[in-house]
Amino acid sequence: MLRLLSLYGVSNIRNFLVGFLANLLARLSDLVPPFLLGVAIDSIILQDKPFSIPFLSNSTLPQYPISQFWLVVFLIVSSFVLSAILHWFRNWGWNSFSQNIQHAIRVDTYAHLQNLNMGFFDRKHKGELMSILSNDVNRLEIFLNDGFNSIFRLAAMVLGIAILLFYMNPALAVVSLFTIPIIAFFTYNFTKSIQPKYARVRDSVGKLHSRLNQNLNAIQLIKLYNTESYESSRVEKTSLDYYNANWDSITTRIKFFPSLQVISGIGFTMTFLVGGFWVISGDILWISPRPLYAGEFVTFMLLHQQLVWPMTQFGQVINIYQRARASTVRIFGLIDETNLLPEKPNASELVVDSGKIIYQNVSFGYSRDKILSDISFKVGKGESLAIVGHSGSGKSTLLRLLLRLYDIDHGSITIDGNDVRDLSLKSLRDQIGYVGQDIFLFHGTVRENIQYGSFTATEEEIIQSSKAAESHDFIMNLPSGYDTIVGERGIKLSGGQRQRIAIARALLKDPPIFIFDESTSDVDTPTESLILDFIKTHNSEKTILSIAHRLSTIQDSTNILVLQEGAIIEYGTSEELLHKKGLYFDLWNSRNI
Ligand code: ADP
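Bear in mind that the values here come from a model prediction, so they are computed numbers and not experimental data.

A.B. asks: Please explain the overall build of the chain as it appears in this structure.
C.D. replies: The helix and strand inventory of the chain stands at 19 helices and ten strands. Taking 2.2 N^0.38 as the reference for a compact globule, 593 residues should give roughly 25 Å; the C-alpha atoms of the chain span a radius of gyration of 37 Å, well beyond that estimate. In terms of overall dimensions, the chain has C-alpha extents of about 120 × 55 × 50 Å along its principal axes. In the chain, which comprises 593 residues, the share counted as buried stands at 45%. A fraction of 75% describes how many contacts in the chain between residues 6 or more apart in sequence connect residues 24 or more apart. In the form shown here, the chain has an accessible surface area of approximately 31,400 Å², with 60% of it arising from carbon and sulfur atoms. Across the chain, the 52 positively charged side chains and the 54 negatively charged ones have centroids separated by 7 Å.

Dropping the structure here:
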């Protein structure tokens, strides 16, 4: 929490000070009406005391009761108005302090998150990350708004009243304040036991979000496989874990507050007992420094009562603090996540010239299992390399390594002689147009999706690349053409249409290197040929790497690399490989294009 405040609170110190000072002044101005009420009763109505108001000299005060009465009315109204203004400032200060911090932390955490290694995202549930970015960040609001504000207010009240009690009667003050260390001890124990419980609550709410997120994404699958009741019970179980974690913290919490009240009550009774005896008998045990008057005793008891209330409020503040602390731990857990692909401080910018890509003895595994071993090949400008193999043989992985979504374990991958690990990630990915199997379209218009990443492209360029990707005609037939909303993940389009939009997006980017990973698998064969022909004829200066299911589409590739269980077993032109009668030959026949 200290880290949070030092990182984000300092830059918002102005808002904090406004809130803090306005809060203090508002409390003072709230005391004015009851005080003036007393003055009005004693000096104007009963006329027991001469009319006087602190901070105003008697000579400036009116002489006649009716004028005095109007002055009091005016001062009461003024104090209400002042108090309203101060409350506005207080709320502005605290709320802007809290909102600014939340906004900054949300943006920073997200920015850090998207720079993390893909391996991190393979391990983490998206719903859980969402839960941290939204729920946990929002949870800070309660603490930053109310909790933080109350800490200062209550500390000032307790300290102020304690000083006043000691000033009035030190001996009785000792009796009435003896409960404070006991309350401190209880609070310490509460804090210790509630901390892990709140951590569990935050953890289980993250899991619940993850489950709900997965299920809502898989809603069609659930319906098709009639697994509604199975999924309902899975959600019920996760929700029950959350319920239990919550209930566990609630039982601890609801025991704590009444016990604070009991301790405070004991303090009150002790003060009443000791003070009462003192007033009645003149002394009590060995404490009899001076007589205690009844009026004094009543004031003392009233003040003590005012002390009890903030003491019990402290428990509430500690509770809010602990909840926010559990959220802060989760947020900083993300910020401290160092699963980054290191970018060298002097990373160079890739400018592709010869477009020569060389894989040299590359080995790689996502975790311990080796997926690719000892892969070496070359491909240059104007050439195309197709990768063929059974599903799971490592084809996609091989191409993802060029984009440096993961780092290789051994060997090297170079582009124009630059090791990809020495290049800035931005420049590397700028030079590669990638269309994968898993097409992602954002909820937005067709145009926005094609333009994604090439935000300055003109309308003409967008239409040109759509035409090249055989998309223009079907787009024009959509209800609003390029302005048609594609729905979440492009749900309103067919698989083939989504793929063609993704190809248009890559063509619009117009990079020197293209990677097509089964990017036309859902497109019908004649359309696929048109697209590939276009790419071939218009991109004779590019380096193209592709994976295709239909081998007819890659038979003209400069070279074909056949992978089996992560190793290259054949390499050459389609013709050479067909002659060899190896795996490529078998695949060619079995796929029966
Ligand atoms: P292909 O493209 O040839 O079908 P992939 O490259 O997709 O094969 O996968 C190769 C192997 O790597 C498979 O055994 C797959 O289970 C594994 N794999 C793929 N992606 C990941 C990942 N993100 N984390 C762990 N293992 C993965």
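A.B. asks: Explanation requested: the domain arrangement of the chain in the structure shown.
C.D. replies: With domains assigned, the chain is organised as domain 1 (2–335) and domain 2 (357–591). A separation of 57 Å is found between the C-alpha centroids of domain 1 and domain 2.

A.B. asks: How should I be thinking about the environment of Lys492 in this particular structure?
C.D. replies: Looking at the element boundaries, Lys492 is found in the loop between helix H15 (472–476) and helix H16 (495–509). For Lys492, a relative accessible area of 59% translates into the label exposed.

A.B. asks: Got a minute to help me understand the site of the ligand in this structure?
C.D. replies: Near the ligand, the surroundings consist of 13 residues, among which Asp122, Gly392, Lys395, Ser396 and Thr397 are the closest. Within the contact set of the ligand, an oxygen atom lies 3.0 Å away from a backbone nitrogen or oxygen of Gly394. Between Ser396 and the ligand, the recorded distance is 2.8 Å, taken from a side-chain N or O atom to an oxygen atom. When the free accessible area of the ligand is taken as 560 Å², the share hidden by the protein chains comes to 63%.

A.B. asks: Help me understand the pairing of strand E3 (residues 384–389) in this model?
C.D. replies: Every other side chain in a regular strand lies on the same face of the sheet, so the side chains alternate between the two faces. Here E3 lies mainly inside the structure; six of its six residues are buried. By the alternation rule, side chains of E3 split into Ser384, Ala386 and Val388 and Leu385, Ile387 and Gly389, which are all buried. Note: E3 against strand E8 (residues 543–547), four bridges, orientation parallel. Each residue of the ladder has a partner; that of Leu385, found in E8, is Leu545. Strand direction decides the pairing type here: E3 and strand E9 (residues 559–564), joined by five bridges, are parallel. Within E9, the position partnered with Ile387 by the bridge is Leu561.

A.B. asks: Would you mind showing me how to read the sheet that holds strand E10 (residues 567–572) here?
C.D. replies: Whether parallel or antiparallel, the strands of a sheet pair through hydrogen bonds between backbone atoms. A sheet is described by the order of its strands in space; here six strands give the open sequence E6-E7-E8-E3-E9-E10, paired in mixed fashion. At either margin of the open sheet sits one strand with a lone partner, and together these are strand E6 (432–435) and E10. Strand-to-strand twist in this sheet, taken as the mean axis angle between neighbours without regard to direction, amounts to 15°. Two elements, strand E7 (residues 513–517) and E8, share five bridges in a ladder whose sense is parallel. In the strand pairing of E8, Phe516 is matched with Ser546.

A.B. asks: I'm lost on the sheet that holds strand E4 (residues 410–415) in this one. Help?
C.D. replies: Here four strands make up an open sheet; going across it, the order is E2-E1-E4-E5 and the pairing antiparallel. Every interior strand has two partners, whereas the edge strands, strand E2 (372–379) and strand E5 (418–419), have only one. As defined by bridge partners, strand E1 (residues 357–364) adjoins E2 across five bridges and the pair is classed as antiparallel. Within E2, the residue paired with Tyr359 across the bridge is Phe377. Together, E1, E2 and E4 form the strand contacts of helix H11 (residues 395–402), whose direction differs from that of E1 by roughly 120°.

A.B. asks: How should the side chain of Ser519 be read in this particular structure?
C.D. replies: Its place among the elements puts Ser519 in the loop between E7 and helix H17 (525–538). In contact with Ser519, other than residues within four places in its own chain, are Val435, Gly436, Gln499 and Ile503.

A.B. asks: Got a minute to help me understand the packing of aromatic side chains in this structure?
C.D. replies: Enumeration according to the criterion identifies 26 aromatic pairs in this entry. Ring centres 5.4 Å apart and planes at 90° place the aromatic pair Phe16 and Trp94 in the edge-to-face group. Of this pair, Phe16 sits in helix H2 (residues 13–45) while Trp94 is found in helix H3 (residues 65–113), placing the two residues 78 residues apart along the sequence. Overall, the relative accessible area of 12% leaves Phe16 in the buried class. Looking at Trp94, the relative accessible area reads 2%, which means it is buried. With a centroid separation of 5.2 Å and 85° between ring planes, the pair formed by Phe120 and Phe121 is classed as edge-to-face. Phe121 carries the same exposure label as Phe120, and that label is buried. Here a set of aromatic residues connected by ring pairs shows up, and it is made of Phe16, Phe20, Trp94, Phe97, Phe143, Phe148 and Tyr321.

A.B. asks: I tried to follow the confidence of the model for the chain on my own but got confused; where do I start?
C.D. replies: In low-pLDDT segments, the atomic positions of the prediction should not be examined closely. Mean pLDDT over the chain: 87, with 98% of residues reaching 70 or higher. The lowest-confidence element of the chain is H17, averaging 79 in pLDDT; the highest-confidence one is E1, averaging 96.

A.B. asks: Would you mind showing me how to read the pattern of salt bridges here?
C.D. replies: Should the charged atoms of two oppositely charged side chains come close, the side chains can pair. According to the stated counting rule, one finds 18 salt bridges in the structure shown. In this structure, Asp422 engages Lys344 in a salt bridge whose closest nitrogen and oxygen atoms are separated by 2.5 Å. Linking Asp422 in the loop between E5 and helix H12 (425–430) with Lys344 in the loop between helix H10 (294–335) and E1, this pair joins segments that are 78 residues apart in sequence. Given a relative accessible area of 29%, Asp422 falls into the partly exposed group. Ionic pairing is found between Arg421 and Asp419, a salt bridge with its closest N-O pair at 3.1 Å. The buried category is assigned to Asp419, whose relative accessible area is 14%. Connected via shared salt-bridge partners are Asp136, Arg202, Asp203, Lys207 and Arg330.

The rules behind these values
- Residues numbered from 1 in each chain as written.
- Predicted model: local features only at pLDDT ≥ 70, side-chain atom pairs only at ≥ 80, totals over all residues.
- Heavy atoms only, no water.
- Helix = DSSP H or I, 4+ residues; strand = E, 2+ residues; numbered from the N terminus.
- Rg over C-alpha atoms; globule rule 2.2 N^0.38 Å.
- Buried < 20%, exposed > 50% of the residue type's maximum accessible area, 1.4 Å probe, protein only.
- Contact = heavy atoms within 4.5 Å.
- Areas by Shrake-Rupley, 256 points an atom, 1.4 Å probe, with all protein chains shown as cover.
- Lys, Arg positive; Asp, Glu negative; His and termini not counted.
- Charge placed at Lys NZ, Arg CZ, Asp CG, Glu CD.
- Domains from an automatic or database assignment.
- Near = heavy atom within 4 Å.
- Polar contact = N/O pair within 3.5 Å; in protein donor to acceptor, adjacent residues only side chain to side chain.
- Pairing = 2+ DSSP bridges.
- Axes fitted to C-alpha atoms, helices over the stretch in contact; angles between N-to-C directions.
- Phe/Tyr/Trp six-rings, centres within 6.5 Å; stacked < 30°, edge-to-face > 60°.
- pLDDT = per-residue confidence, 0-100.
- Salt bridge = Lys/Arg side-chain N within 4 Å of Asp/Glu carboxyl O.

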